[in-house]
Structure formats: C-alpha cells, structure tokens
Amino acid sequence: MNGDNVQAYPGDNLAVIEEFEPLGDYFIENGQIIASKVSKVKKDKTNKQIEVLGLVRKYIRKGDIVTGQVDYMQKPFAHVIIFRVNDKKLYGDIKAMLYFDPDLRLAPFNEGAIIRARVIGLTAGHLMIDIQDEEMGVLEAKCPNCGGPLVKRGRNMLRCLKCGKSSFMKLAPDFYSSKARHINYSNIF
Amino acid sequence: MGNLIVDGKRTDGRGLLDLRPLKLEAGTIKNAAGSSYIEHGKNKIYVAVYGPKDSHRYGTSMEKAVIRCRYHMSPFSTDERKSPAPSRREIEISKVIRDALESSLILDEFPKTLLDIYVEVLQSDGGSRSASITAASVALADAGIPMKDLVEAVAVGKVDGTLVVDLSDKEDKEGEVDLPIAFLLNENMITLLQMDGKMTVEEFKEAVNMAKEAAMKIKEKQKEALGKKYFEKVDEK
C-alpha cells in the first residue's frame, strides 16, 4: 500500500489510525483504516494523510448540489423531492427538508417550484438542504396567484405573464421559465 | 449413489477442491444503480441494485436503510417450466441472501431509505444461492454502497462419503450433505450457514476450512470484475 493511486476494494486494510489521518470513503475498525468502496488510495507521507477516493458515488452527501421540486410547505419547513444530484439523475426520489424563515411575509419559493440547493447535513434522519448561496435558488416556478408563467423582472422579482401579479422569490442566477420561452412578452409589458 | 466420485475425480472431471468455471462482470445493467452478472458452472444470474431511495412503507428504520431482496427464477431457468409466481423456496432464499449481505453493509449513512436487490436466475444449476450472494455483493459495490467487506459464498458437500467443494446440481441432489456458507473474509465472519444432511464435528470443521479457501479464490474474481470496470476505465482516461 505504498505509493500513490493504489487500488483498493471494500474491506481492504489501508493503514493504522495512529499512522495516518484518513479522508474519504473509509471506516475504522480495531484501529485499522479500511476502504468501504472501490477506491483509489493516495498516501501523503509529509502531512500524514491517507485519502481514500471512492470511484463510485450515486447518492447524496453533505456539500452536494441537488435539484428538486418543492412538494409542500409546512412552516418553517418545505419538503422537497430531489431528483438530481450534482447534475446526475438520482435512482429513485429522495425527500429533503428546506428551512425558511416563518416570520417572512412571503416565502422565498412556492409549492411546485424547481429549486437548486446545497445539502447541509443529515438531522434526525432528514436530509437538510439550503438555498442561501448565490448560485442556489428557484430555477423554475409558476405564479402563486394563477399558475401562469413567470418572467424575471429584477434580481429576485418575478411577474406573471397571465395575471400581471408580481412575486418575490430567491432566484438562482440561471432562473428560466420554460413556459415563458414560447411567449413574446415584450409586447405585454 | 456411489458413482459420483471415481479415482478422486467428480462427474464433471473436477478435483475435490476445484471450483466450477466462474465468470463475473460488474455494471451490466445500465438503468440500475449497481449490477452484476455471474456464470458459475451452468448458473447464469443477473443482479440489479436500486437505491437508496425514499421509503414510506411501514417498517422503515429511522436509523438505517432497509434492504429488500427478491430472488426469482425465470420460468425457463429449470429443466421443467417453473411457475413465475414466487415459490416457498424463492421466498426463503430471498431472506437468506438479504441476511447474508446485510451484515457486510454500512447502512446507517442512509436513514429512512430503501435498498432493493433483484436477483434473476436465467439458468439454474446447483449452488444458485451462493452464486447469487457472490454476485449481489459485487452489484452492491458497483452501486457505491459502503461495505465492510465483499461477501463470498460457496457450497461444500459430502458426496460418496467425501467432502467436496462447490456442488453441481447432480451432486446437490444425490449427495449426502449440502452446506452453503458465506464469508466476510477480512472480518473473519460467517454470514450464512445452512446445512442439509448430517456431518460429524470434524467433517464440519474441515468443510468450513475448505469453503474458506474456495471463498478466497472467489474474492479474487470479485475484485477482478470490479477492477475491470473501474480501474481499466479510469486508466483509459
């Protein structure tokens, strides 16, 4: 197990815990660092670190960027069905919870909105996600009033093409309403 | 009886400790999270793993993922057509495979989720449950589920009063004992042990040791299959 990029399979003993600080896909048993996945192992003898780089990962972990649809909202949480992780399709849907300030007059998204969020952890068996970052937020939504298509009219402002009502949401920089795509809205407003 | 071993050779020409030809592939089904295909003797088995996915059903654990396993023999997998409905034997083997694999997996990373393992036997020979466990372990590794170790299973039996490794269908039916065992070799654990027939304590101990040696050979094949998919692909890049 000396040298860089050594192949490892689940169950392979890699080092002892007193010798190296492990990172990545491993578990520790009886003081041994053991690979938990098919991985490449990099040993950094200068910094006393061993990195177990799993070659397979098809599920969600803290720090991942996910895309999902807001299923329903129950203050202070929104339940989101995740269907993409790091731009890869997920095998089976996973539900996550998104906290929003219950004192806000308007929630930063509405039911049915497609959002991009970051996974911030696992609390009491719930996957927690967050849309605070600049790149995170609503990707697609319908008018909360009439269900009509929305167009961006400011940083976080949207206007409905059908009823003209304005709404405010935390938008992702690449917000785009697929329904609005087919409408020439320059003549409407 | 009495003609299955002649001059230390079995009916198919193997020695007492020899395994049947074993071919193992990882990642054979595109739509599954992880999959594998095994040809062990005349056994031809596909395994697909789906999940971890959200679970709403009764019995969901708040602490870890729940495993469901379905072992199914295709109607054309046997000499005579088999009903596609799950039989008592299939239900038992599904449970046995799930139990054999569960202790190898680190499931507490996925609370409130479900992991489905589908085992489809296309052609059956003796030892299909052992082959299924071996292939399912590769499929789980292919799905990226964290594991303590790969699981290897093999059957040891007593034929004409002699212990033999990896029973064929004929030896399974006409032999005196069938003892399928699954191992976690690095953990030094047995995750499956079933015995059909009678053995003395000494014979049993010897049988377990023989199975362990055979499991080591199977483990090499498992690593080879995973390595072929992951490391050869990475090296090409």
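What counts and what doesn't
Residues numbered from 1 in each chain as written. Chains lettered and ligands numbered in written order. Predicted model: local features only at pLDDT ≥ 70, side-chain atom pairs only at ≥ 80, totals over all residues. Heavy atoms only, no water. Helix = DSSP H or I, 4+ residues; strand = E, 2+ residues; numbered from the N terminus. Buried < 20%, exposed > 50% of the residue type's maximum accessible area, 1.4 Å probe, protein only. Contact = heavy atoms within 4.5 Å. Areas by Shrake-Rupley, 256 points an atom, 1.4 Å probe, with all protein chains shown as cover. Buried area = accessible area lost by both parts, 1.4 Å probe. Salt bridge = Lys/Arg side-chain N within 4 Å of Asp/Glu carboxyl O. Polar contact = N/O pair within 3.5 Å; in protein donor to acceptor, adjacent residues only side chain to side chain. Domains from an automatic or database assignment. Phe/Tyr/Trp six-rings, centres within 6.5 Å; stacked < 30°, edge-to-face > 60°. Pairing = 2+ DSSP bridges. Axes fitted to C-alpha atoms, helices over the stretch in contact; angles between N-to-C directions. Expected span 1.5 Å × (residues − 1). pLDDT = per-residue confidence, 0-100.

Draft legend 1. Region of the structure containing the overall build of chain A. Within chain A, the regular secondary structure consists of zero helices and 16 strands. Per-residue burial for chain A yields a buried fraction of 41% across its 189 residues. When contacts within chain A are restricted to residue pairs at least 6 apart in sequence, those whose partners lie at least 24 apart make up 48%. When the accessible surface of chain A is totalled, it reaches about 10200 Å², and 48% of it is carbon and sulfur.

Draft legend 2. The arrangement of the interface of chain B and chain A in detail. Listed per partner, the contact involves 35 residues of chain B and 29 residues of chain A. Here chain B meets chain A over a buried area of about 2500 Å², counting both sides, of which 61% is carbon and sulfur. Across the contact surface, chain B and chain A share one salt bridge. Taken together, chain B and chain A are joined by five residue pairs in polar contact (both at pLDDT 80 or more).

Draft legend 3. Representation of the pattern of salt bridges in the model. Residue and element names in this part refer to chain B. A complete count under the given rule lists 27 salt bridges over all chains for this structure. We note a salt bridge from aspartate 116 to arginine 68, for which the minimum N-O separation is 2.8 Å. Of the two residues, aspartate 116 is situated in strand β7 (residues 113-123) and arginine 68 in strand β6 (residues 66-73); the sequence distance between them amounts to 48 residues. When its relative accessible area of 2% is taken as the criterion, aspartate 116 is described as buried. In this structure, glutamate 90 engages lysine 82 in a salt bridge whose closest nitrogen and oxygen atoms are separated by 3.1 Å.

Draft legend 4. The arrangement of the environment of proline 146 of chain B in detail. Within the fold, proline 146 of chain B resides in the loop between α2 (128-142) and β8 (152-159). The exposure class assigned to proline 146 of chain B is buried, which follows from its relative accessible area of 2%.

Draft legend 5. Representation of the domain arrangement of chain A within the structure. Each domain of chain A was delimited in the assignment, giving domain 1 (5-54) and domain 2 (65-176). For domain 1 of chain A and domain 2 of chain A, the distance between their C-alpha centroids amounts to 38 Å.

Draft legend 6. Spatial organisation of the packing of aromatic side chains. Applying the stated criterion across every chain yields a total of five aromatic pairs over all chains. Between tyrosine 9 of chain A and phenylalanine 231 of chain B the ring centres are 5.6 Å apart and the planes differ by 80°, which places this aromatic pair in the edge-to-face class. Of this pair, tyrosine 9 of chain A sits in the loop between β1 (6-8) and β2 (13-16) while phenylalanine 231 of chain B is found in helix α4 (residues 201-236), placing the two residues in two different chains. Taken individually, tyrosine 9 of chain A and phenylalanine 231 of chain B each receive the classification buried, so the pair is uniform in this respect. On the basis of an interplanar angle of 75° and a centroid distance of 5.8 Å, the ring pair of tyrosine 50 of chain B and tyrosine 118 of chain B is categorised as edge-to-face. Separated by 68 residues along the polypeptide, tyrosine 50 of chain B in strand β5 (residues 43-54) and tyrosine 118 of chain B in strand β7 bring together distant segments of the chain. Note on tyrosine 50 of chain B: relative accessible area 26%, which makes it partly exposed. Look at tyrosine 118 of chain B and you get partly exposed, because its relative accessible area is 34%.

Draft legend 7. Here's a closer look at the sheet that holds strand β7 (residues 49-54) of chain A. Residues and elements named next belong to chain A. Overall, mixed pairing links the four strands, which are arranged β1-β6-β7-β3 in an open sheet. A single partner strand is all that each edge strand has here, and the edge strands are β1 and β3 (21-24). Neighbour-to-neighbour, the strand axes of this sheet turn through a mean angle of 30°, independent of strand direction. As defined by bridge partners, β1 adjoins strand β6 (residues 39-44) across three bridges and the pair is classed as antiparallel. Residue pairing in the sheet places alanine 8 in a bridge with serine 39 of β6.

Draft legend 8. Inspection of the sheet that holds β6 of chain B at higher detail. Residue and element names in this part refer to chain B. Read from one edge of the open sheet, five strands run β3-β4-β5-β7-β6, paired in mixed fashion. Unpaired on one side and paired on the other, β3 (22-26) and β6 mark the two borders of the sheet. Going across the sheet, the axis of each strand differs from the next one's by a mean of 15°, ignoring polarity. When strand β4 (residues 34-40) meets β5, the two strands line up antiparallel, connected through seven bridges. Each residue of the ladder has a partner; that of serine 35, found in β5, is alanine 48. Relative to β6, helix α1 (residues 88-102) is tilted by about 140°, and along the sheet it contacts β6 and β7. Sitting on the sheet, α2 is in contact with β3, β4, β5, β6 and β7, with an inclination near 150° to β4.

Draft legend 9. Structural context of α2 of chain B. All names here are of chain B. If you check α2, its first and last C-alpha atoms are 21 Å apart, about what 15 residues at 1.5 Å a residue would give, namely 21 Å. Among the 15 residues of α2, 15 are classified as buried, and the element is accordingly described as predominantly covered. Just past α2, the residue glycine 144 takes up positive phi, approximately 80°.

Draft legend 10. Quick look at the confidence of the model for chain A. Residues and elements named next belong to chain A. Confidence in the prediction of chain A, expressed as mean pLDDT, is 82, and 87% of residues score 70 or more. Considering each helix and strand of chain A separately, the mean pLDDT is smallest for strand β10 (residues 88-99), with a value of 78, and largest for strand β5 (residues 32-35), with 92. Low confidence marks residues 179-189, where pLDDT is under 50. Its contacts with residues over four positions away, or in another chain, come to 19 contacts.

Draft legend 11. Examining the confidence of the model for chain B more closely. Residues and elements named next belong to chain B. Summing up the model confidence of chain B, the mean pLDDT is 90 and the portion of residues at 70 or higher is 97%. The secondary structure element of chain B with the lowest average pLDDT is strand β1 (residues 5-6), at 81, and the one with the highest is α2, at 95. Both scores are given for the predicted complex: the pTM is 0.79, the ipTM 0.87.

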